[in-house]
Amino acid sequence: MNDTPVVGVLALQGDVREHLIALAAADAVARPVRRPEELAEVDGLVIPGGESTTISKLAALFGLLEPLRARVRAGMPVYGTCAGMIMLADKILDPRSGQETFGGIDMIVRRNAFGRQNESFEAAVDMKGVDGDPVEGVFIRAPWVESVGARVEVLAEHGGHIVAVRQDNVLATSFHPELTGDHRVHGLFVAMVRGSAAPGAL
């Protein structure tokens with residue numbers, strides 16, 4: 001891989017376009033991913049917000065569930081926002097019937113923890129690994145992390161709840177940085193993708 005990593009955005013549902021724009025602004029080649037062969041061509045992947053149950057069903061329908069789990073297990077960098085955070089959890093506190101996740105982070109996540117759509121809000125979030133001012137977090141039917149395992153680094157909290165985490169090459173936030181025009185969180189993720197391809201890295 002050269003200095004410009006290829007980062008996919010899982011394009012089954014959610015705000016795919018906004019993530020593609022943010023990744024391009026963070027000096028990555030950004031591509032939508034809908035099929036296993038497209039997944040095989042990327043160095044990292046963003047799982048956008050949307051509806052986690054729908055993403056789970058569509059991933060199975062498009063034949064992406066097992067290939068994506070395999071890539072996560074193999075160390076591919078992945079970043080999930082909102083519903084994407086739920087999809088990266090090893091356990092959901094209140095899953096819908098038949099809901100599956102990709103896994104990757106040893107955490108328990110509560111769906112819609114911050115309330116329904118009409119209770120969406122924005123808040124300044126101090127996030128480890130992001131230099132400068134706090135990140136403006138957009139919380140839309142957002143989850144929070146109930147608990148994490150020993151290998152998980154908590155990167156941010158809001159209102160006493162965990163809203164950003166990292167485990168090895170997997171990053172997740174409850175909020176949507178792609179909606180703010182501030183591309184620093186995507187910059188952090190692109191740096192993770194570059195680092196994962198360095199000699200001696202996973």
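Please read these numbers as outputs of a predicted model, since none were measured by experiment.

Mapped onto the present numbering, the UniProt feature "binding site: L-glutamine" (unreviewed entry) falls on Gly 50, Glu 51, Ser 52, Arg 111, Ile 140 and Arg 141. For the annotated residues, spread through 92 residues, the largest C-alpha to C-alpha distance comes to 13.0 Å, consistent with a single compact locus. Within the fold, Gly 50 resides in the loop between β3 (44-47) and α3 (52-61). On the accessibility criterion, Gly 50 (39% relative accessible area) is partly exposed. Among residues more than four places away in sequence, those in contact with Gly 50 are Gln 13, Gly 14 and Ala 83.

Let's shift gears to the packing of aromatic side chains. Scanning all chains against the criterion turns up six aromatic pairs. Here the aromatic rings of Phe 139 and Phe 175 are separated by 5.6 Å at their centres, their planes lie at 55 degrees, and the arrangement is tilted. Linking Phe 139 in strand β8 (residues 135-139) with Phe 175 in the loop between β12 (170-173) and α6 (184-196), this pair joins segments that are 36 residues apart in sequence. Residue Phe 139 shares its accessibility class with Phe 175, and that shared class is buried. Each residue in the set Phe 114, Phe 121, Phe 139, Trp 144 and Phe 175 is aromatic and connected to the rest through ring pairs, giving one cluster.

A word on the UniProt feature "active site" (unreviewed entry) in the chain. Here the UniProt feature "active site" (unreviewed entry) sits at Cys 82, His 176 and Glu 178. Across 97 residues in sequence, these annotated residues keep their C-alpha atoms within 11.2 Å of one another, forming a single compact spot. Mapped onto the secondary structure, Cys 82 falls in the loop between β4 (78-81) and α5 (83-88). Look past the residues within four positions of Cys 82 in its chain and what remains in contact with it is Gly 49, Ile 140, Arg 141, Ala 142, Pro 143, Thr 173, Ser 174, Phe 175 and His 176. For His 176, a relative accessible area of 5% puts it in the buried group. Among residues more than four places away in sequence, those in contact with His 176 are Asp 15, Gly 49, Thr 81, Cys 82, Val 138 and Ile 140.

Rules behind the numbers
Residues numbered from 1 in each chain as written. Predicted model: local features only at pLDDT ≥ 70, side-chain atom pairs only at ≥ 80, totals over all residues. Heavy atoms only, no water. UniProt positions renumbered as here; feature names shortened; annotations may be inferred. Helix = DSSP H or I, 4+ residues; strand = E, 2+ residues; numbered from the N terminus. Buried < 20%, exposed > 50% of the residue type's maximum accessible area, 1.4 Å probe, protein only. Contact = heavy atoms within 4.5 Å. Phe/Tyr/Trp six-rings, centres within 6.5 Å; stacked < 30°, edge-to-face > 60°.

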